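Overview (structure and organization)
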Amino acid sequence: MNKVIDLRSDTVTLPTEEMLEAIRNAKLGDDVFGEDPTVKELEELAAKKMGKEAALLVTSGTQGNLVSILTQTKRGEEVILEADAHIYHYEMGGISAIAGVLPRPIKGEMGVLEPEAVEEAIRPPSPHLPKTALICLENTHNLAGGTCITPSQTRKVCEVAARHGLAVHIDGARIFNAAVALGVDVKELVSPADSVMFCLSKGLSAPIGSLVVGSSSFIERARRMRKMLGGGMRQAGVIAAAGLIALEKMVDRLREDHDNARLLAEGLAKMDGIKIDLRRVQSNIVMFDISDLGVSGSDFISALLKHGVKALTVRGNIIRMVTHRGIGREDILQTLDVIKEVTAKKLI
Ligand code: TLP
């Protein structure tokens, strides 16, 4: 069988040879005692790249978001987020189950929250209402199709938050994809926010790890929350060593993933029975609707798999494909051929 083209997620990327070599040679210590030099180096680099005072290495994006929420809210308070936010749908409800806060979902436009809608959702002081504590943004926005939030859209929501004395957290699992797609320094995307989480283990190709960044006092408190969640790691330099290469060498190549996503999306747009909103294809995620093919999402996925292409279904008949370092231009052309064959010959 030919190579399997795995488009389920950019999380499937394997570490590079250079990362494996760096892991082998990493200087290590006990990070709970603050003694792992490689973790310290990664945290310093992450803070510098994001233009924040300090950073904290966490096990995953989910843990980074939860640590950030726990650090900036109290139980019974409310968190405003976009209705399709990853934190709301895909993090096991940890925001409620563990942080004990109420999510307040607000419908955005292609993943972008309107500042007016945010302002309207902020609770006035009242003996009956929960207190609004935090606003969460997501950039790129996963369920909206990898859409990017611009610096000015971010700033406008942060201005509303500041007027009401609220903190803003960015779920920036793919913030570097947004920076590359928008052609801006990542600092511009995060400067008005209080905390940001970003992942090393997606398009940046590291095997494990995410970072949380913010002010020194925020990170000091976040470190305690990470420990509470069981995320205090010992010789975590083995993770950080790969993370350093991810941050230093893997950002610019994200452009290739975006070009491949475009190529895929434009090919799909020409096919009968497939609906795709090309405005949403802004980074490395491609989502399309197969309802008009008259088959279920899961049958469609199974048919592709028989031809060596892996994809995911999102909400029934919406299919998601994500480009990454393991996917070349020829894999995209092959994928388009497979979809054409499967749909035209009714092989589903
Ligand atoms: N997203 C994964 C799956 O959970 C769906 C993916 O394949 O896209 N924020 C955003 C915006 C994310 O997309 C993800 C992962 C996370 C947070 C959580 O990161 P991890 O998987 O490291 O906990």
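Residues numbered from 1 in each chain as written. Predicted model: local features only at pLDDT ≥ 70, side-chain atom pairs only at ≥ 80, totals over all residues. Heavy atoms only, no water.

1. Some points on the pattern of salt bridges
Threshold: In the sections that follow, a salt bridge refers to a side-chain nitrogen of Lys or Arg positioned within 4 Å of a carboxyl oxygen of Asp or Glu. Strands are runs of DSSP state E lasting at least 2 residues, helices are runs of H or I lasting at least 4, and numbering of each runs from the N terminus. The buried label applies to any residue whose accessible area, calculated with a 1.4 Å probe on protein chains only, is under 20% of its type's maximum; exposed applies above 50%, and partly exposed to all values in between.
Applying the stated criterion across every chain, the model contains 20 salt bridges. When the shortest N-O distance is used, the salt bridge between Glu 119 and Arg 163 registers 2.9 Å. Residue Glu 119 is found in helix H6 (residues 115-121), and its partner Arg 163 is found in helix H7 (residues 151-163); the two are separated by 44 residues along the sequence. A salt bridge links Arg 253 to Asp 257, with the shortest nitrogen-to-oxygen separation between them at 2.6 Å. Summarising the burial analysis for this pair, Arg 253 and Asp 257 share the class buried. What you see here is one network of salt bridges that share partners, running through Glu 82, Asp 84, Lys 107 and Arg 315.

2. Some details on the sheet that holds strand E3 (residues 78-82)
Here is the rule: Here a strand pair is declared whenever DSSP counts at least two bridges between the two strands. Axis definition: a line fitted to C-alpha atoms, over the contacting stretch in the case of helices. Angles run 0 to 180 degrees between N-to-C directions. The criterion used for residue contact is that any of the two residues' heavy atoms lie within 4.5 Å.
The strand order across the open sheet formed by 7 strands is E2-E8-E7-E6-E5-E3-E4, and the pairing between neighbours is mixed. Both edges of this open sheet fall to strand E2 (54-58) and strand E4 (102-106), since each of them pairs with a single strand only. The mean angle between the axes of side-by-side strands here comes to 20°, regardless of whether they run parallel or antiparallel. Relative to strand E8 (residues 210-214), E2 is paired through 5 bridges, and the arrangement is antiparallel. Within E8, the residue paired with Ala 55 across the bridge is Val 213. Across the sheet, H7 lies against strand E5 (132-138) and strand E6 (167-171), angled at about 175° from E5, the strand it touches most.

3. A few points about the site of the ligand
Stated precisely, the cut-off is as follows: Neighbouring residues are identified by heavy atoms, a residue being near a molecule or strand if any of them is within 4 Å of it. Identification of polar contacts relies on pairs of N or O atoms within 3.5 Å, with a donor-acceptor requirement for protein atoms, meaning one able to donate a hydrogen and the other able to accept it, and with residues adjacent in sequence counted only if both atoms are side-chain atoms. Computed by Shrake-Rupley with a 1.4 Å probe, the accessible areas treat only the displayed protein chains as cover when residues are assessed. Polar here means any residue outside two lists: the nonpolar Ala, Val, Leu, Ile, Met, Phe, Trp, Tyr, Cys and Pro, and the charged Asp, Glu, Lys and Arg; Gly therefore counts as polar.
In the vicinity of the ligand lie 15 residues, with Ser 9, Gly 61, Thr 62, Asp 171 and Arg 174 positioned nearest. Between the ligand and Asn 142 there is a distance of 2.8 Å, counted from an oxygen atom to a side-chain nitrogen or oxygen. Within the side chain of Arg 174, an N or O atom sits 2.8 Å from an oxygen atom of the ligand. When the free accessible area of the ligand is taken as 510 Å², the share hidden by the protein chains comes to 81%. Broken down by element, the shell around the ligand gets its largest block of residues, 3 residues, from helix H3 (residues 61-72). For the shell around the ligand, a count of residues per class yields 2 nonpolar, 7 polar and 6 charged.

4. Some details on the domain arrangement of the chain
As a reminder of what qualifies: What counts as a domain boundary in this text is fixed by an automatic or database domain assignment. Throughout, the accessible surface (probe 1.4 Å) given up by two parts as they are put together, summed over both, is called the buried area.
For the chain, the domain assignment lists domain 1 (5-11 + 253-344) and domain 2 (17-249). Using only C-alpha atoms to locate each centre, domain 1 and domain 2 end up separated by 28 Å. Contact with domain 1, which involves 18 residues of that partner, is made by 22 residues of domain 2. Between domain 1 and domain 2 the total buried area reaches about 1800 Å² when both faces are included, carbon and sulfur atoms providing 50% of it. Among the residues of domain 1 in contact with domain 2, Leu 254, Arg 280 and Gln 282 are the three that bury the most area, contributing 31% of the side total.

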